[in-house]
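Understanding the architecture of this molecule
So you can see what is in the structure, the chains are spelled out below.
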Amino acid sequence: MSANIVGWAHTPFGKLDTETVESLVVKAATGALADAGVSAGDVDEIVLGHFNAGFSPQDFTAALVLQAAPELRFKPATRVENACATGSAAVHQGVRAIASGAARIVLVVGVEQMTRTPGPEIGRNLLRASYLPEDGETAGGFAGIFGKIAQAYFQKYGDASDALAMIAAKNHRNGVANPYAQMRKDVGYDFCRSESEKNPFVAGPLKRTDCSLVSDGAAALVLADADTARSARKAVSIRGTGHAQDFLPMSRRDILAFEGCTVAWQRALAKAGVALSDLSFVETHDCFTIAELIEYEAMGLTPKGQGARAIKEGWTQKDGRLPVNPSGGLKAKGHPIGATGVSMHVMSAMQLVGEAPEGMQIRDARLAGIFNMGGAAVANYVSILEPFR
Ligand SMILES: CC(=O)SCCNC(=O)CCNC(=O)[C@H](O)C(C)(C)COP(=O)(O)OP(=O)(O)OC[C@H]1O[C@@H](n2cnc3c(N)ncnc32)[C@H](O)[C@@H]1OP(=O)(O)O
């Protein structure tokens, strides 16, 4: 039984001072149900993606979704967490509930509120998604971890600073057309390539423009079985999914290979019965520009060590042969941890029904690939989406 996205909602991402986790969850849930034309009473199950890890004093947040409508009372509701892939973990749990026949309609919400947390604490909270005996003292939070990965990559394959700056510039440029994005400024390649007061080094060779943003925001979607999707105003099928969880300690694996990412892509593409070259675009986890570069290799776009070709030869630009992160990605759209994976599914679904904002829409988008990652390639989730037929 296939699962289909029949409605969605997305708050703006950014520093949302007047919002709370609760208000964000309620806005996204209410919006997605209205968009789907589904009444709250018809929801069979609720899944909330929320990382938290100290960003908000409120844990045990699944029940907050019930604040969206009195009819949601007594519905099964569960919070899931898988680091920065929390949002996709929530989506995939909903997909399984429908595939098993246990649910006909599932409401999936992802949320995070990060910007109320003071600077150094942000890094400490995020590092809870690493292997603490190994990484507990890493300076710069997760940027420190990816700074080391970038350093090791440069040592093995040569300095890729040009390619990283091109990735940053691409994603910032793409974000300009996305009204949900936190940063909508085309900062340009030269700004991303050079160290400056406004673009200092953060960790190893990574500068500020190589990092994703610290964000608040929520996204939600309604999943439904094929019968429900058939009569929906719009519907996008989740044609294949892949989830591969790797060892947490980086010392137990080749950290330049993102092998879990490769396995997740292989599983999802095989389930969908399609090849990478069939995809119209990809939304991938650019938590740091070095991650997007290695993901080009891990997904099979280029051989290992040659990811730079994909950006330098224009393949992943919006008008290239495989546009990557037309939404602006985590880099420009923002990265409110628990919401990110849900947001990636919402952005892709919009593209596939032709509802993406002007300037962001990929022409004739037929098949979308999504890669959402938790930790340094530990939790790896891929989804393949297509318009419902
Ligand atoms: C697997 C995973 O997903 S791990 C990823 C988890 N997420 C992270 O680790 C978040 C990484 N990012 C960060 O920690 C922060 O954005 C940092 C450290 C890079 C920058 O933070 P700060 O140095 O505190 O910047 P601050 O918030 O003071 O902003 C200063 C300026 O830089 C801009 N800015 C802040 N962050 C970024 C960024 N990542 N990219 C581009 N510009 C940025 C701000 O808009 C601001 O601009 P302005 O002066 O024109 O107003």
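Residues numbered from 1 in each chain as written. Predicted model: local features only at pLDDT ≥ 70, side-chain atom pairs only at ≥ 80, totals over all residues. Heavy atoms only, no water.

As enumerated under the stated definition, the model contains three aromatic pairs in all. Here the aromatic rings of phenylalanine 142 and phenylalanine 146 are separated by 6.1 Å at their centres, their planes lie at 35 degrees, and the arrangement is tilted. Here phenylalanine 146 and phenylalanine 142 lie together in helix H5 (residues 142–157), a separation of four residues that amounts to about one turn. Accessibility expressed as a relative area gives 9% for phenylalanine 142, which makes it buried. Ring centres 4.9 Å apart and planes at 25 degrees place the aromatic pair phenylalanine 146 and phenylalanine 288 in the stacked group. (Phe/Tyr/Trp six-rings, centres within 6.5 Å; stacked < 30°, edge-to-face > 60°. Helix = DSSP H or I, 4+ residues; strand = E, 2+ residues; numbered from the N terminus. Buried < 20%, exposed > 50% of the residue type's maximum accessible area, 1.4 Å probe, protein only.)

This next bit is on the site of the ligand. By nearness alone, 17 residues border the ligand, and Lys198, Cys211, His285, Lys331 and His335 come closest of all. The contact in question runs from an oxygen atom of the ligand to an N or O atom on the side chain of arginine 208, over 3.1 Å. Separating a nitrogen atom of the ligand from a side-chain N or O atom of lysine 331 is a distance of 2.9 Å. About the coverage of the ligand: the protein hides 64% of its 980 Å² of free accessible area. (Near = heavy atom within 4 Å. Polar contact = N/O pair within 3.5 Å; in protein donor to acceptor, adjacent residues only side chain to side chain. Areas by Shrake-Rupley, 256 points an atom, 1.4 Å probe, with all protein chains shown as cover.)

The next subject is the nonpolar core. Counting 103 residues, the largest nonpolar core has Phe146, Ile149, Trp265, Ile290, Leu293 and Ile384 as the members making the most contacts within it. If we skip the residues at most four places from it in the chain, isoleucine 290 touches Phe146, Ile149, Ala150, Tyr153, Leu164 and Leu206. (Core = buried A, V, L, I, M, F, W, Y, C linked by side-chain atoms within 4.5 Å. Contact = heavy atoms within 4.5 Å.)

Helix H13 (residues 337–352) packs onto helix H2 (residues 86–99) with a crossing angle of 60 degrees between their chain directions and a minimal axis gap of 5 Å. Accordingly, the angle class assigned to the pair H2 and H13 is oblique. Across the interface between the two elements, Thr86, Gly87, Ser88 and Val91 of H2 pack against Gly338, Gly341, Val342 and His345 of H13. Looking at the contact of H2 with H13 residue by residue, the class counts come to two nonpolar, six polar and no charged. (Axes fitted to C-alpha atoms, helices over the stretch in contact; angles between N-to-C directions. Parallel < 35°, antiparallel > 145°, perpendicular 65-115°, else oblique. Nonpolar A, V, L, I, M, F, W, Y, C, P; charged D, E, K, R; others polar.)

The next point concerns the environment of glycine 338. Mapped onto the elements, glycine 338 comes out in helix H13. In the structure, glycine 338 is positioned 32 residues away from glutamine 306 in sequence and 31 Å away in space, judged by C-alpha atoms. In contact with glycine 338, not counting residues within four places along its chain, are Gly49, His50, Phe51, Thr86, Gly87, Gly110, Val111 and Glu112.

Here we come to the UniProt feature "domain: Thiolase C-terminal" (unreviewed entry) in the protein chain. UniProt marks residues 250–386 with the feature "domain: Thiolase C-terminal" (unreviewed entry), using the numbering shown here. As a span, residues 250–386 carries 36% helix and 14% strand, and end to end its C-alpha atoms are 34 Å apart. (UniProt positions renumbered as here; feature names shortened; annotations may be inferred.)

Moving on: the sheet that holds strand S9 (residues 281–284). Each strand in a sheet pairs with another by means of backbone hydrogen bonds, the pair being arranged parallel or else antiparallel. Read from one edge to the other, the open sheet built from nine strands follows the order S3-S2-S4-S7-S1-S8-S11-S10-S9, with strand pairing classed as mixed. Every interior strand has two partners, whereas the edge strands, strand S3 (77–80) and S9, have only one. For this sheet, the mean inter-axis angle between neighbouring strands, taken without regard to orientation, is 25 degrees. Note that strand S8 (residues 236–245) and strand S11 (residues 379–387) share nine bridges and pair antiparallel. Each residue of the ladder has a partner; that of alanine 244, found in S11, is asparagine 380. In the packing of H13 onto the sheet, contacts are made with strand S1 (3–10), strand S2 (45–50), strand S4 (105–113), strand S7 (216–224), S8, S9, strand S10 (368–374) and S11, and the angle to S7 comes to roughly 55 degrees. (Pairing = 2+ DSSP bridges.)

Taken as a whole, this structure holds two cavities of 30 Å³ or more when the rule is applied. Size it by volume and the largest cavity reaches roughly 60 Å³. Lining the largest cavity, in full, are Ala129, Ser130, Tyr131, Asp135, Phe142, Ile145, Leu248, Met250, Arg253, Gly375, Ala376 and Val378. Residue composition of the lining of the largest cavity, by class: eight nonpolar, two polar and two charged. Here the second largest cavity defines a volume of roughly 30 Å³. (1 Å grid on protein atoms, 1.4 Å probe; cavity = no way out; pocket = protein on both sides within 12 Å on 5 of 7 lines; lining within 4 Å. Points joined across faces, edges and corners; volume = space filled by probe spheres on them.)

Phi is positive for asparagine 52, close to 65 degrees, though the residue is something other than glycine. Counting through the fold element by element, asparagine 52 comes out in the loop between S2 and S3. Phi is positive for aspartate 364, which is not a glycine, with a value near 55 degrees. The exposure class of aspartate 364 is exposed, given its relative accessible area of 58%.

To continue, consider helix H1 (residues 21–36). For H1, built from 16 residues, the straight-helix expectation of 22 Å at 1.5 Å per residue is met to within 8% by its first-to-last C-alpha distance of 23 Å. Residues of H1 that are buried: Val21, Leu24, Val25, Ala28, Ala29, Ala32, Leu33, Asp35 and Ala36. Seen end-on, H1 carries its buried residues on one side only, within an arc spanning 165 degrees. Elements in contact with the buried residues of H1: S1, S2, S4 and S7. (Expected span 1.5 Å × (residues − 1). Arc of directions from axis to C-beta.)

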